[in-house]
Amino acid sequence: MTAKTRVMKEYKEISRSQADEAIELLPDERNILLWKGLIKGPQESPYEGHIFELGIKVPDSYPLAPPAVHFVTKIFHPNVHFKTGEICLDILKTSWSPAWTLQAVCRAVLALLSAPAPDSPLNCDAGNLLRAQDMRGYSSMARMYAVEHAKACS
């Protein structure tokens, strides 16, 4: 199965179900291998009440290789590179499986927002706050970035 065939199959499934209110996936009009993911910050997290944009690039070798996913919206999180938006998530690197879909990848990113992994930080400032157990400082910074850079949920 080619990447385009698989992505078209996923697109049809997403169009039919759209049951996940926290995730919206939108393909580029000119290139089905480029997507925009809009994710709602998880409840009871510093990201709650805001929408974050993900850039998703599906490689020609998909689903055998993972998509390249990054945050377009600036976000304060230990597992997201401050400048590039790169996401440190095992399923996007070493633990990828062809069983994963773009929707499932977005769910995994949401789970990472709820449960950051400070021991493998791409953003050392965020990781240091969490490792020092300064939840108040981390939450304040994360909320401030969300208010400044993310779109508020309506």
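Above: the structure in question.
Each chain has its residues counted from 1, following the order in which its sequence is written. Local features in a predicted model are, by the rule used here, given only for residues with pLDDT of at least 70; side-chain atom pairs are given and counted only at 80 or more, and totals for whole chains, interfaces and linings are based on all residues. The side-chain figures draw on all heavy atoms in the structure; neither hydrogens nor water molecules are used.

Engineer: Can you walk me through the pairing of strand β3 (residues 50-57) in this structure?
Structural biologist: As a general feature of sheets, a regular strand has side chains that alternate between the two faces. Here β3 lies mainly inside the structure; six of its eight residues are buried. In short, DSSP must find at least two bridges between two strands for them to pair. Helix numbers and strand numbers start at the N terminus; a helix is a DSSP run of H or I with at least 4 residues, a strand a run of E with at least 2. Bridge analysis of strand β2 (residues 34-40) against β3 gives seven bridges, and the strand direction is antiparallel. Residue W35 lies in a different strand from β3, and its bridge partner there is I56. Pairing of β3 with strand β5 (residues 151-152), which is carried by two bridges, proceeds in the antiparallel orientation. Note that in β5 the partner of H50 across the bridge is A152. As paired elements, β3 and strand β4 (residues 68-71) share four bridges and run antiparallel to each other. By the bridge assignment for β4, G55 is matched with H70. Exposure is judged per residue with a 1.4 Å probe applied to protein chains only, and the accessible area is read against the type maximum: over 50% gives exposed, under 20% gives buried, and values in between give partly exposed.

Engineer: What is the right way to read the nonpolar core from this model?
Structural biologist: The tendency in soluble globular proteins is for nonpolar side chains to be buried as a group. We call a set of buried Ala, Val, Leu, Ile, Met, Phe, Trp, Tyr and Cys residues a nonpolar core when their side-chain atoms join them within 4.5 Å. W35, I39, L54, I56, V58, F71 and I87 are the most contacted members of the largest nonpolar core, which has 40 residues in total. Put simply, the parts of the chain that give this core at least two residues each are α1 (3-17), β1 (23-27), β2, β3, β4, α2 (102-114), α3 (124-131) and α4 (135-149). When residues in this core are grouped by element, the largest group, eight residues, is from α2.

Engineer: I would appreciate a short explanation of the packing of aromatic side chains in the present structure.
Structural biologist: Aromatic ring pairs are described here by two measures, namely the spacing of the ring centres and the angle between the planes. Two aromatic rings, drawn from Phe, Tyr or Trp (for Trp, its six-membered ring), form a pair once their centres lie within 6.5 Å of each other, and the interplanar angle then sorts them: stacked below 30 degrees, edge-to-face above 60, tilted otherwise. Under the counting rule described, the total for this entry stands at seven aromatic pairs. Measuring from ring centre to ring centre gives 5.8 Å for Y47 and F52, while their planes differ by 80°; the resulting arrangement is edge-to-face. As far as burial versus exposure is concerned, Y47 and F52 are alike and both buried. With a centroid separation of 6.4 Å and an interplanar angle of 85°, the aromatic rings of F52 and F71 are classed as edge-to-face. Residue F52 is found in strand β3, and its partner F71 is found in strand β4; the two are separated by 19 residues along the sequence. Both residues of the pair, F52 and F71, belong to the buried class. Lying across the ring of F82, K74 places its NZ or CZ 4.9 Å from the centre. Two conditions define a charge located above a ring, namely a distance within 6 Å from the ring centre to NZ of Lys or CZ of Arg, and an angle within 35 degrees of the ring normal.

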